[in-house]
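Analysis of the macromolecular model
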Amino acid sequence: MTKPEISECVQTMQALRNALLVVNGKWKLQIIVALNAGTRHFRGLERSVPGISTKVLAKELKDLEAHQFIARTVHPGPPVLVEYHALPYARTLDPVIEVLKAWGLQHQQRLEAGNAVSV
């Protein structure tokens, strides 16, 4: 590898690291997709993301709020009502989500066709 190629590789890895620090794990993008469809209460959001635990959802929502992808609105009660909605910044992930969706569908079809490479 030449020095410019190494430099480009390092820049790419750093950019990927930065992105994955924000949307890491299997839940964050799913939460964003659910909230892009509309405002949700905590329990409604929990139902929209099958398999997520209450504890993990609470943690992921805090992380997404800290990174300014979502906002939390508390309506005083009784009962107190908490709603979550996606902020405009979350829409910057739309192209990423679309590419991952297309790749995921393609990968699933490949697996179903039995074309997957055995390890």
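Structure: see above.
Rules behind the numbers
Residues numbered from 1 in each chain as written. Predicted model: local features only at pLDDT ≥ 70, side-chain atom pairs only at ≥ 80, totals over all residues. Heavy atoms only, no water. Axes fitted to C-alpha atoms, helices over the stretch in contact; angles between N-to-C directions. Helix = DSSP H or I, 4+ residues; strand = E, 2+ residues; numbered from the N terminus. Parallel < 35°, antiparallel > 145°, perpendicular 65-115°, else oblique. Contact = heavy atoms within 4.5 Å. Nonpolar A, V, L, I, M, F, W, Y, C, P; charged D, E, K, R; others polar. Salt bridge = Lys/Arg side-chain N within 4 Å of Asp/Glu carboxyl O. Buried < 20%, exposed > 50% of the residue type's maximum accessible area, 1.4 Å probe, protein only. Patch = residues over 30% accessible without salt bridge, like charges linked within 9 Å, V, L, I, M, F, W, Y side chains within 5 Å. Areas by Shrake-Rupley, 256 points an atom, 1.4 Å probe, with all protein chains shown as cover. Core = buried A, V, L, I, M, F, W, Y, C linked by side-chain atoms within 4.5 Å. Pairing = 2+ DSSP bridges.

Section: the packing of helix H2 (residues 28-36) against helix H4 (residues 54-66)
- Closest axis-to-axis distance for the H2/H4 pair is 10 Å, and the angle between their directions is 75°. Our classification of the angle between H2 and H4 gives roughly perpendicular. Each of Lys-28, Ile-31 and Ile-32 in H2 lies in contact with H4, whose residues at this interface are Leu-57, Glu-60, Leu-61, Asp-63 and Leu-64.
- Here the residues of the contact of H2 with H4 sort into five nonpolar, no polar and three charged.

Some remarks on the pattern of salt bridges
- Tallying each qualifying case throughout the model produces six salt bridges.
- Among the ionic pairs, Asp-63 bridges to Lys-28, the shortest N-O distance being 3.4 Å. On the criterion of sequence distance, the pair formed by Asp-63 in helix H4 and Lys-28 in helix H2 is long-range, its members being 35 residues apart.
- Its relative accessible area of 24% is what places Asp-63 among the partly exposed residues.
- The buried category is assigned to Lys-28, whose relative accessible area is 3%.
- Here Glu-60 and Lys-59 are joined by a salt bridge, their closest N and O atoms 3.8 Å apart.
- Using a relative accessible area of 48% as the deciding quantity, one classes Lys-59 as partly exposed.
- In the salt-bridge network here, residues are joined through shared partners; they are Lys-28, Lys-59, Glu-60 and Asp-63.

Overview of a nonpolar patch on the surface
- Residues Met-1, Ile-6, Val-10 and Met-13 make up a contiguous nonpolar surface patch of roughly 420 Å² in combined accessible area.
- Within the secondary structure, Met-13 is located in helix H1 (residues 3-23).
- Overall, the relative accessible area of 40% leaves Met-13 in the partly exposed class.

Notes on the nonpolar core
- With 22 residues, the main nonpolar core has Ile-31, Leu-45, Leu-61 and Phe-69 as its most contacted residues.
- Ignoring anything within four residues of it in the chain, the contact list for Phe-69 reads Val-22, Ile-32, Leu-64, Ala-86, Leu-87, Tyr-89, Ala-90 and Leu-93.

Some thoughts on the sheet that holds strand E1 (residues 40-41)
- Across the sheet, three strands lie side by side as E1-E3-E2; this open sheet has antiparallel pairing. In this open sheet, the two edge strands, each paired with only one partner strand, are E1 and strand E2 (70-75).
- The pairing of E2 with strand E3 (residues 81-86) spans six bridges and is classified as antiparallel. The residue of E3 that forms the bridge with His-75 is Leu-81.

Description of H2
- Most of H2 sits inside the fold, with seven of its nine residues counted as buried.
- Where H2 is concerned, the buried positions are Lys-28, Leu-29, Ile-31, Ile-32, Ala-34, Leu-35 and Asn-36.
- Just past H2, the residue Gly-38 takes up positive phi, approximately 150°.

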